[in-house]
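Single-letter residue listing:
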Amino acid sequence: MNQKKNRGAPSARVIWQACLWLGVSILGASAVGAIALHRGEAINGLWFIVAALCIYALGYRFYSAFIAAQVLALDGTRTTPAERLNDGRDFVPTHKWIVFGHHFAAIAGPGPLIGPTLAAQFGYLPGTLWILVGAVLGGCVQDFVILFFSTRRDGRSLGQMARDELGAVGGAVALVGVMAIMIILIAVLGLVVVNAMKHSPWATSTVAATIPIALVMGAYMRGIRPGRVLEGTCLGVILLLLAVLGGGWIDAQPWLRAWFDYDAPSLALMVIAYGFAASVLPVWLLLAPRDYLSTFMKIGTIAALAVAIVVLQPEVKMPALTQFIDGTGPIFGGKLFPFVFITIACGAISGFHSLVASGTTPKLLTNERDVRFIGYGAMMMESFVGIMAMVAATVLEPGVYFAINSPAGVVGAEAAEAVAKITSWGFPVTVEQMQSLAASMGEATLFARTGGAPSLAVGMASIFSSTFGGGFLAVWYHFAIMFEALFILTTLDAGTRCARFMLQDLLGNLIPALGRTSWYPSVWLTSALVVGGWGYFLYIGTIDPLGGINSLWPLFGISNQMLAAIALCVATTILVKSGRARYAWVTALPLTWLVIVTSTAAWEKVFSPEPRVGFLAHARELGEQLSRGLLASDKVGQAPQLIFNDQLDAALTVLFLVTTWVLVIETLRVCHAVLTGRRHPPLTETPHLPRRVVEDWVRD
């Protein structure tokens, strides 16, 4: 009788776990409530960290576990492509922590840093809520399911899976759309770096030094001391820190300063040259060591920033909502809906991740059970980066934030004119305040440094300096710039290489030799075409009087979110074809939201009559000003080019919109065929084979 009672009663461990998760839920709800309900009162940045950690913990423990067990049915006894196709080059069974580090380094680009910073013009509340909810229910789910489906299909790419599961039409449209999206994405990454470095010898010299440092690391670990990874890592970190300090010394030397003082168009050409070199050089020489080193910098710096916020508990000075939710924002035009959701791309959900989750990562997994940890977990970490960026941006005085991020074309080219305009919005700032801040950061000026990176660096420097000792603001600022550049250049060079592979695959269907990745004429030709594509958009962004970001970042956000919609179309189709239609809502709900948001944003960017929002409206306004002789003499020569650029941006937006809707219609068609028993493309999942490999590390 007692045994039956004990068997029916919950154990102490179950009760303790239930109390623990109930406590986490209450704490998380309290933190979110504090963030959402504060009006006119100061709010502590610590609440953002508490809310994020609680929501991520609940999402991973319960929602991802539900998806793993019920929706996908992960099978740890099933062989993975890394084991079955092990070739020692692309398919290699790898420890799950190493795979996690690789995956995070590959997906963590500038989106979670720059997107939240730019979206702060609406206030801290909308962006924060979207980062938290969007990641747990959308971004983490997309990365998780695409990594799983690719692993079950021998590591096939997203385009290949679209072609296999949706048919020839859907696959062809997906391949073309993904290629065009990659071009826009890389161009915007380069523009953010350029805007952070223009007329900043300290920043330019520090970022430039990371290239030879990566080359030294690559040569050291491959030729000088093969296999000495720890030695190479220590060497790289030490050289990076010396590069930051050395940049300050260069900035103080007039004869050296001139060697690193460039305007935006000149820097754009240098970034273009770097992108071409990164695409054609051996992967072990530049790309691999840079990615490896950046992983330590990314995770270490974000962890240090979180600790600093916990210790310092800085006050968030940006209001929860600003008057710019009506679409009159100076940083970019457009209302809160839909533009907050496409501005914060990678922090909540990012289509670019689906390319990584169906690229190198599934070829490294040793155990299928690790898909949950790597796919869902790495995206949670990237979302946390977005929360840190939001805090760093909003602890600045709002007047300072807008002075840094507002383009001269909106607030005026003169400092006095800019501060008067910003102060009239209700965010007071003075010329003296900005001059003092620039001097303390080691910069000549911080006005109109559009792109988000400089203001984020100022916020990070302020937090680090106050926590770990004052007096080093300039060093912390340029350390943050270098940290951001590593984030961005990692994605820029990896993205360029991936785009080159995709282009070689496409051209290989016409001329087989061009599809050979080892044939150097093909490598040089396709690299030049890819770099020429994104280099064009990068260069025109540098001569845009509105700062480039105003038009290119919304286009980047729309295209990136549409890529996520394409990935979720493929995932939803596979779920239905696998006999799990009752669980298709897991991917169909975020897919529906993305289609609504991106379609609305695309429509507004093309057809809005407001020149600061609509591409065609801006082109018409420029044309009228040019014909009436209302443009300044230095703008007359640029006007035809800018008009063409607006028209091209509008055409690309329409292309992305059509691509998305074709994939949605194809998804509905195939799912309807499956549910009604009609003919449809067969499921391409590989047959079940038992695992044979024995892992030589202890699993947790």
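Residues numbered from 1 in each chain as written. Predicted model: local features only at pLDDT ≥ 70, side-chain atom pairs only at ≥ 80, totals over all residues. Heavy atoms only, no water.

**Quick look at the overall build of the chain**
Phase 1: Of the regular secondary structure elements, the chain holds 29 helices and 2 strands.
Phase 2: The C-alpha extent of the chain, read off along each of the three principal axes, is 80 × 70 × 60 Å.
Phase 3: Within the chain, the fraction of its 700 residues that count as buried is 58%.
Phase 4: In the chain, once contacts between residues fewer than 6 apart in sequence are set aside, the share between residues at least 24 apart is 82%.
Phase 5: Of the roughly 26700 Å² of accessible surface on the chain, 67% is carried by carbon and sulfur atoms.
Phase 6: Of the charged side chains in the chain, 45 are positive and 40 negative; the average position of the first set lies 12 Å away from that of the second. (Helix = DSSP H or I, 4+ residues; strand = E, 2+ residues; numbered from the N terminus. Buried < 20%, exposed > 50% of the residue type's maximum accessible area, 1.4 Å probe, protein only. Contact = heavy atoms within 4.5 Å. Areas by Shrake-Rupley, 256 points an atom, 1.4 Å probe, with all protein chains shown as cover. Lys, Arg positive; Asp, Glu negative; His and termini not counted. Charge placed at Lys NZ, Arg CZ, Asp CG, Glu CD.)

**Remarks on the confidence of the model for the chain**
Phase 1: Looking at the chain as a whole, its pLDDT mean stands at 84, while 90% of the residues score no less than 70.
Phase 2: Low confidence marks residues 695–700, where pLDDT is under 50. Its contacts with residues over four positions away, or in another chain, come to 10 contacts. (pLDDT = per-residue confidence, 0-100.)

**Topic: helix H15 (residues 336–343)**
Phase 1: Buried residues dominate H15, accounting for 6 of its 8 residues.
Phase 2: Within H15, the full set of buried residues consists of Pro 338, Phe 339, Val 340, Phe 341, Ile 342 and Thr 343.

**A look at a nonpolar patch on the surface**
Phase 1: Judged by side-chain polarity, Ile 238, Leu 242 and Leu 245 come together as a nonpolar surface patch covering roughly 300 Å² of accessible area.
Phase 2: Summarising the element assignment, Ile 238 is placed in helix H11 (residues 229–251). (Patch = residues over 30% accessible without salt bridge, like charges linked within 9 Å, V, L, I, M, F, W, Y side chains within 5 Å. Salt bridge = Lys/Arg side-chain N within 4 Å of Asp/Glu carboxyl O.)

**What about the nonpolar core?**
Phase 1: Counting residues in each nonpolar core, the largest one holds 198 residues, and the members touching the most others are Leu 72 and Trp 534.
Phase 2: It is helix H9 (residues 168–197) that provides the largest number of residues to this core, a total of 19 residues.
Phase 3: The contact partners of Leu 72, leaving out residues within four places of it in the chain, are Ile 67, Phe 144, Val 145, Phe 148, Phe 149, Arg 152, Leu 575 and Arg 580.
Phase 4: Grouped together as the second largest cluster of nonpolar side chains are 9 residues, Trp 202, Ile 213, Met 297 and Met 482 included. (Core = buried A, V, L, I, M, F, W, Y, C linked by side-chain atoms within 4.5 Å.)

**A few points about the packing of aromatic side chains**
Phase 1: Following the criterion strictly, the structure yields 25 aromatic pairs and no others.
Phase 2: Ring centres of Phe 66 and Trp 585 lie 6.0 Å apart, and the angle between their planes is 20 degrees; this geometry places the pair in the stacked category. Highlighted residues: Phe 66 in helix H3 (residues 46–71) and Trp 585 in helix H26 (residues 585–607), separated in sequence by 519 residues.
Phase 3: Assessed through its relative accessible area of 38%, Trp 585 is described here as partly exposed.
Phase 4: Ring plane angle 45 degrees and centroid distance 6.4 Å describe the contact between Phe 324 and Phe 427, whose orientation is recorded as tilted. With Phe 324 in the loop between strand S2 (315–316) and H15 and Phe 427 in the loop between helix H20 (415–424) and helix H21 (431–440), the pair connects residues that are 103 residues apart, well separated along the chain.
Phase 5: You can call Phe 324 buried: its relative accessible area is 3%.
Phase 6: Cluster of aromatic residues (ring-pair linked, three or more members): Phe 324, Tyr 401, Phe 402, Trp 425 and Phe 427.
Phase 7: Sitting over the ring of Tyr 60, Arg 372 keeps its end group 4.3 Å from the ring centre.
Phase 8: Against the face of Phe 615 rests Lys 605, its NZ or CZ located 4.7 Å from the ring centre. (Phe/Tyr/Trp six-rings, centres within 6.5 Å; stacked < 30°, edge-to-face > 60°. Lys NZ or Arg CZ within 6 Å of the ring centre and 35° of its normal.)

**Structural notes on the environment of Ile 566**
Phase 1: Position of Ile 566 relative to the elements: it lies in helix H25 (residues 549–577).
Phase 2: In this structure, the C-alpha to C-alpha distance between Ile 566 and Leu 591, residues 25 residues apart in sequence, is 8.5 Å.
Phase 3: When sequence neighbours within four positions are dropped, the list of residues in contact with Ile 566 reads Leu 158, Ala 174, Thr 659 and Leu 663.

**Observations concerning the pattern of salt bridges**
Phase 1: Within the structure shown, the criterion is met by 9 salt bridges.
Phase 2: Asp 164 is paired through a salt bridge with Arg 156; the nearest N and O atoms lie 3.5 Å apart.
Phase 3: Given the relative accessible area of 25%, Asp 164 is considered partly exposed.
Phase 4: Of the charged contacts, one joins Arg 669 and Glu 666 as a salt bridge, the two residues approaching to 3.0 Å between their closest N and O atoms.

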